[in-house]
Amino acid sequence: ELADIIKYASDNSFKVKAVGSGHSFSNIMQTSDFLINCHSMNKPIEIDKEILKPVEYLNENNFDLKYLEHVENGITIKHLNSYLDDKELALFNMGGYDAQTIAGVISTSTHGTGISLGPICDTVVSIIMVGEFGKIYRIEKANGITDPGKYQQKYPDNILIQEDDFFNAVLVNMGSMGIFYSVILRVTDSYY
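Residues numbered from 1 in each chain as written. Predicted model: local features only at pLDDT ≥ 70, side-chain atom pairs only at ≥ 80, totals over all residues. Heavy atoms only, no water.

A look at the pattern of salt bridges
And then number 1: All told, the structure shown has six salt bridges when counted by the stated rule.
And then number 2: One salt bridge connects lysine 154 with glutamate 50, and the closest N-O pair in it is separated by 3.1 Å. Residue lysine 154 is located in helix H5 (residues 148-154), and its partner glutamate 50 is located in the loop between strand E3 (44-45) and helix H2 (55-60); the two are separated by 104 residues in the primary sequence.
And then number 3: Judged by its relative accessible area of 57%, glutamate 50 falls in the exposed class.
And then number 4: Between glutamate 140 and arginine 138 there is a salt bridge, with its nearest N and O atoms 3.1 Å apart.
And then number 5: Arginine 138 sits in the buried class, given a relative accessible area of 5%. (Salt bridge = Lys/Arg side-chain N within 4 Å of Asp/Glu carboxyl O. Helix = DSSP H or I, 4+ residues; strand = E, 2+ residues; numbered from the N terminus. Buried < 20%, exposed > 50% of the residue type's maximum accessible area, 1.4 Å probe, protein only.)

The structure is reproduced here in structure tokens:
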């Protein structure tokens, strides 16, 4: 549905903006075209292991499947924390507020109090984004988790980009590069 809306908007010269929890102090959410409320896209997603690189590669590159979680863009940090806690997992770092959506936290580089932990966006390993004309992209760093051949075979209409500069540009983009549908994050064991 998200791809259909964006394709329709592109075909008809409309602009599209996504909104999470609406905590921006600016008028960035104002539009006379399409405004997409992402709160209904708030579920965990099972990681599609069929399209990943071999487990040996993943383990060698610090991508242990036990510590990877795939979630939709509108899940709030509060609900993500609860979901992870049930699995005895946690985010590496936390901002001071938990009602924001994961896509908002990532795309604005929300940070926590752990100076050595980095902002929450540092835990993202893969982004599934819908861009202009409803095109679906999976974007990762050059050493990403996705096997290009397997991905192209399963999703021939989608585009896989594994390139560091492109990943970094999309990661913290304030909503200017497209709309995140979901992200795959690194998590850690629960802690207090």
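Some remarks on the pairing of strand E7 (residues 136-140)
And then number 1: With four of its five residues buried, E7 lies for the most part within the structure.
And then number 2: Direction of pairing for strand E6 (residues 124-130) relative to E7: antiparallel, over a ladder of four bridges. The residue of E7 that forms the bridge with methionine 129 is tyrosine 137.
And then number 3: The antiparallel pairing of E6 with E7 creates a hairpin that spans five residues between the two strands, and phenylalanine 133 there sits at a positive phi of about 60 degrees.
And then number 4: Remark: the E7/H5/strand E8 (residues 159-162) crossover connection has right-handed handedness. (Pairing = 2+ DSSP bridges. Right-handed = clockwise from strand over helix to strand, strands pointing away.)

Let's talk about the sheet that holds E7
And then number 1: In spatial order, the strands read E3-E4-E9-E6-E7-E8; together these six strands make up an open sheet with mixed pairing. Of all the strands in the sheet, just E3 and E8 have a single pairing partner and so form its edges.
And then number 2: In this structure, strand E4 (residues 68-72) lies alongside strand E9 (residues 179-186), joined through five bridges in antiparallel fashion. Bridged to valine 71 within E9 is valine 183.
And then number 3: Sitting on the sheet, helix H1 (residues 2-11) is in contact with E6, E7 and E9, with an inclination near 140 degrees to E9. (Contact = heavy atoms within 4.5 Å. Axes fitted to C-alpha atoms, helices over the stretch in contact; angles between N-to-C directions.)

A look at the layout of surface pockets
And then number 1: Its boundaries defined by the atoms lining it, the second largest pocket holds a volume of some 260 Å³.
And then number 2: Along the wall of the second largest pocket there are 17 residues; nearest its centre are His70, Ile128, Tyr155, Tyr181 and Ser182.
And then number 3: When residues of the lining of the second largest pocket are traced back to their parent elements, those giving at least two are H1, E6, E7 and E9. (1 Å grid on protein atoms, 1.4 Å probe; cavity = no way out; pocket = protein on both sides within 12 Å on 5 of 7 lines; lining within 4 Å. Points joined across faces, edges and corners; volume = space filled by probe spheres on them.)

A look at unusual backbone geometry
And then number 1: Residues other than glycine seldom take positive phi values, yet asparagine 62 does so here, at roughly 65 degrees.
And then number 2: With respect to the helices and strands, asparagine 62 occurs in the loop between H2 and E4.

Observations concerning the side chain of threonine 123
And then number 1: With respect to the helices and strands, threonine 123 occurs in the loop between helix H4 (102-107) and E6.
And then number 2: For threonine 123, a relative accessible area of 11% puts it in the buried group.
And then number 3: From its side chain, threonine 123 meets the backbone oxygen of isoleucine 120 in a polar contact 2.8 Å long.
And then number 4: Filtering out sequence-adjacent residues up to four positions away, threonine 123 remains in contact with Phe92, Ile184, Leu185 and Arg186. (Polar contact = N/O pair within 3.5 Å; in protein donor to acceptor, adjacent residues only side chain to side chain.)

A word on the side chain of serine 107
And then number 1: Looking at the element boundaries, serine 107 is found in helix H4.
And then number 2: Looking at serine 107, the relative accessible area reads 12%, which means it is buried.
And then number 3: Only 2.8 Å separates the side chain of serine 107 from the backbone oxygen of alanine 103, close enough to count as a polar contact.
And then number 4: Apart from the residues lying within four places of it in its own chain, the contact partners of serine 107 are Leu171, Val172, Asn173 and Met174.

Any link to function would need more than the numbers given here.
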